[in-house]
Amino acid sequence: MKRKITLKHIARELEVSISTVSKALKNSEEISKDTKEKVQAFAKLYNYKPNNIAISLKNKRTKNIGVIIPDIVHHFFTTVFRGIEKYANAKGYNVIVCVSDESFDKEVINMEMLANGSIDGFIMALSAETQAKNDYKHLQEVTEQGIPLVLFDRITDEIACDKVVINDKEAAYLAAKNLIDSGRKKIALITTDDYLNVSLKRAEGYLDALKDANIAFDESLVLKLPYGAIENITEQRVEHFFNANRIDAALCVNELFAIHCMGVAKKSGLRIPEDVSFIGFTDGILSKYSNPKLSAIAQHGQQMGELAAKMLIEKVESESEEETYKTEIIKATLISRGSTIN
């Protein structure tokens, strides 16, 4: 049984570029007769079937960019989209956004819908379910055809493409160290499942900060909450966690967790920051207007969006046949406010 063949496979076997293979299969006059015959014979031998998603993208330039984000609840993703749109519009591109709603199936459907001749490439953050399933075939099919793809924030090493992230581990270390330096000893980590790469990296930073401060890791101080709708988080569970462990600080992997836990702590009679301090990730609108205002790790979403758009458009417009990919890391910063003792 012959293996599934892509343009990349043919190009590698015949030692030519993906563009040459594509043109040869279309019988382009730009390609020599000898090369066309070799490419077409090889494709026929291996029963090459062009990917419909890739063909629609490669054959047209629409000046449209497809963006797929996991949700619109988290302020971070809206700021990333704002950055993408700002840069893309300045370069004459339009942006079409879809929301996967943390669903693998929706992510695949959105990708297929957008790729039906509508866009020139993708910018996306992986859904929680995609990372949990560890299934990236829909991305692999596109990238193997040479279609531009940029992943941001939620990424995977399984896919060769351009990526843009923040220094999650370093940022969490910075936040935890800030809490330690203010005299806190029982520091909780409010997180979610480790299949989310950002949560895993932030947990690593938290653990490193404890280790460097000679504070023993206590597994009972880690609270894993369901990622997604905040209404799925019960106040009773959070309240029990705070009361049972007598924590004096909490590092939360996102803004919604931080604000929710602050509310429960206050309801339980704890004073913020006198009894318990909080630091969250994102630094969105909730952080700026909560009571007290939340100290937060600024992820610089707009900057990330602009950089992701720049990387994608450069790939779309590039004439280079060389396949190179890079990962850009944006340095996060800690914004101190009323939820911590400064």
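Quick summary incoming for the structure in this document. Just so it is clear, the model here is predicted, and its values are computed rather than measured.

What counts and how
Sequence order as written defines the numbering, with residues in each chain counted from 1. Selection of residues for local features in this predicted model requires a pLDDT of at least 70, selection of side-chain atom pairs for listing and counting requires 80 or more, and totals for whole chains, interfaces and linings are taken over all residues. Only hydrogens and water are set aside when side-chain values are computed; all heavy atoms of the structure are taken into account. Strands are runs of DSSP state E lasting at least two residues, helices are runs of H or I lasting at least four, and both sets are numbered from the N terminus onward. Residues are treated as being in contact if the distance between any of their heavy atoms lies within 4.5 Å. Note on geometry: axes are C-alpha line fits, over the in-contact stretch for helices, and angles between N-to-C directions span 0 to 180 degrees. Note on angle classes: values under 35 degrees are labelled roughly parallel, values over 145 roughly antiparallel, values of 65 to 115 roughly perpendicular, and the remainder oblique. Take the far helix as the reference: if the near one is turned anticlockwise from it by less than a right angle, the crossing is left-handed, and if turned clockwise, right-handed. Three residue categories are used. Nonpolar comprises Ala, Val, Leu, Ile, Met, Phe, Trp, Tyr, Cys and Pro, charged comprises Asp, Glu, Lys and Arg, and polar comprises the others, including Gly. By convention, a stacked pair of Phe, Tyr or Trp rings (six-membered ring in the case of Trp) has centres within 6.5 Å and planes under 30 degrees apart, an edge-to-face pair has planes over 60 apart, and any other such pair is tilted. Accessibility here uses a 1.4 Å probe with only protein chains present; expressed as a share of the type maximum, an area under 20% marks a residue as buried, one over 50% as exposed, and anything in between as partly exposed. Two thresholds decide whether a charge sits over a ring: the Lys NZ or Arg CZ must be within 6 Å of the ring centre and within 35 degrees of the ring normal. Cavities and pockets were defined on a 1 Å grid built over protein atoms only: a cavity is a set of grid points that admits a 1.4 Å probe from which the probe cannot escape, a pocket is an open set flanked by protein on both sides within 12 Å along at least five of seven lines, and lining residues are those with an atom within 4 Å of any such point. Grid points are joined across faces, edges and corners, and a volume is the space filled by probe spheres set on the points. Throughout, the edges of the domains are those of an automatic or database domain assignment. To estimate how far a helix should extend, the number of its residues minus one is multiplied by 1.5 Å. At least two DSSP bridges between two strands are needed for those strands to be called paired.

What follows concerns the environment of Phe76. As for its position among the elements, Phe76 is in helix α5 (residues 75-90). Sequence separation between Phe76 and Thr282 is 206 residues; the distance between their C-alpha atoms is 5.8 Å. Apart from the residues lying within four places of it in its own chain, the contact partners of Phe76 are Phe152, Asp153, Thr282, Gln299, Gly301 and Met304.

Our focus in this paragraph is the packing of helix α11 (residues 235-245) against helix α12 (residues 255-267). Viewed as axis vectors pointing N to C, α11 and α12 meet at an angle of 65°, and their least axial separation amounts to 9 Å. Taken together, the axes of α11 and α12 lie roughly perpendicular to each other. Here α11 and α12 pass one another in a crossing that is right-handed. For the pair α11 and α12, contact is made by Glu235, Val238, Glu239 and Phe242 and by His260, Cys261, Val264, Ala265 and Lys267, respectively. Of the residues in the contact of α11 with α12, the class split is 5 nonpolar, 1 polar and 3 charged.

Using the criterion set out here, one finds 4 aromatic pairs in the structure. Taking the centre distance of 6.3 Å and the plane angle of 65° together, the rings of Phe77 and Phe152 count as edge-to-face. Residue Phe77 is located in helix α5, and its partner Phe152 is located in strand β4 (residues 149-152); the two are separated by 75 residues in the primary sequence. The residues Phe77 and Phe152 share a single accessibility class, namely buried. Through a chain of ring-to-ring contacts, the aromatic side chains of Phe76, Phe77 and Phe152 assemble into a single cluster. Geometry around Phe104 places Lys133 over its ring, the cationic atom sitting 4.8 Å from the centre. One residue, Arg202, lies across the ring of Phe281, its end atom 4.0 Å from the ring centre.

Glancing now at empty space enclosed by the protein. For the structure on display, the rule yields 1 cavity of 30 Å³ or more. Quantified by volume, the largest cavity comes out at close to 130 Å³. Broken down by secondary-structure element, the contributors of at least two residues to the lining of the largest cavity are α5 and α10 (197-212). Ranked by residues supplied to the lining of the largest cavity, first place goes to α10 with 3 residues. Along the lines of polarity and charge, the residues of the lining of the largest cavity split into 6 nonpolar, 5 polar and 3 charged. Each of domain 2 (64-165 + 301-329) and domain 3 (168-299) gives at least three residues to the lining of the largest cavity.

Glancing now at α12. Its 13 residues place the ends of α12 18 Å apart at the C-alpha level, agreeing with the 18 Å of an ideal helix rising 1.5 Å per residue. Where α12 is concerned, the buried positions are Glu255, Leu256, Phe257, Ala258, His260, Cys261, Met262, Val264 and Ala265. Next to the buried residues of α12 lie α5, β6 (187-191), α11, β8 (249-252), β9 (277-282) and α13 (285-289).

What follows covers the pairing of β9. With respect to burial, β9 is a largely interior element, 6 of its 6 residues being buried. Covered by surrounding structure in β9 are Ser277, Ile279 and Phe281 together with Phe278, Gly280 and Thr282, the residues of both alternating faces. Note that β8 and β9 share 4 bridges and pair parallel. Opposite Ala249, over in β9, you have Ser277 as the bridge partner.

Taken in spatial order, the 6 strands of this open sheet run β2-β1-β3-β4-β5-β11, and their pairing is parallel. The outermost strands of the open sheet, each flanked by one partner alone, are β2 (94-99) and β11 (327-330). Pairs of neighbouring strands in the sheet enclose a mean axial angle of 15°, with direction left out of account. In this fold helix α14 (residues 301-317) packs onto β1 (64-69), β3 (122-124), β4, β5 (162-166) and β11, with an angle of close to 170° to the strand it touches most, β5.

The strand order across the open sheet formed by 6 strands is β7-β6-β8-β9-β10-β12, and the pairing between neighbours is mixed. The two strands at the open ends of the sheet, each matched to only one other strand, are β7 (222-224) and β12 (333-335). Across this sheet, the average inter-strand angle for adjacent strands is 20°, counted without regard to direction. Inspection of the sheet shows β6 paired to β8 by 4 bridges, in the parallel sense. Looking across to β8, one finds that Leu189 is bridged to Leu251.

Examined against the element boundaries, Asn167 turns out to sit in the loop between β5 and α9 (168-181). Every residue in contact with Asn167, bar those within four places of it in the chain, is listed here: Ile329, Ile330, Lys331 and Ala332.

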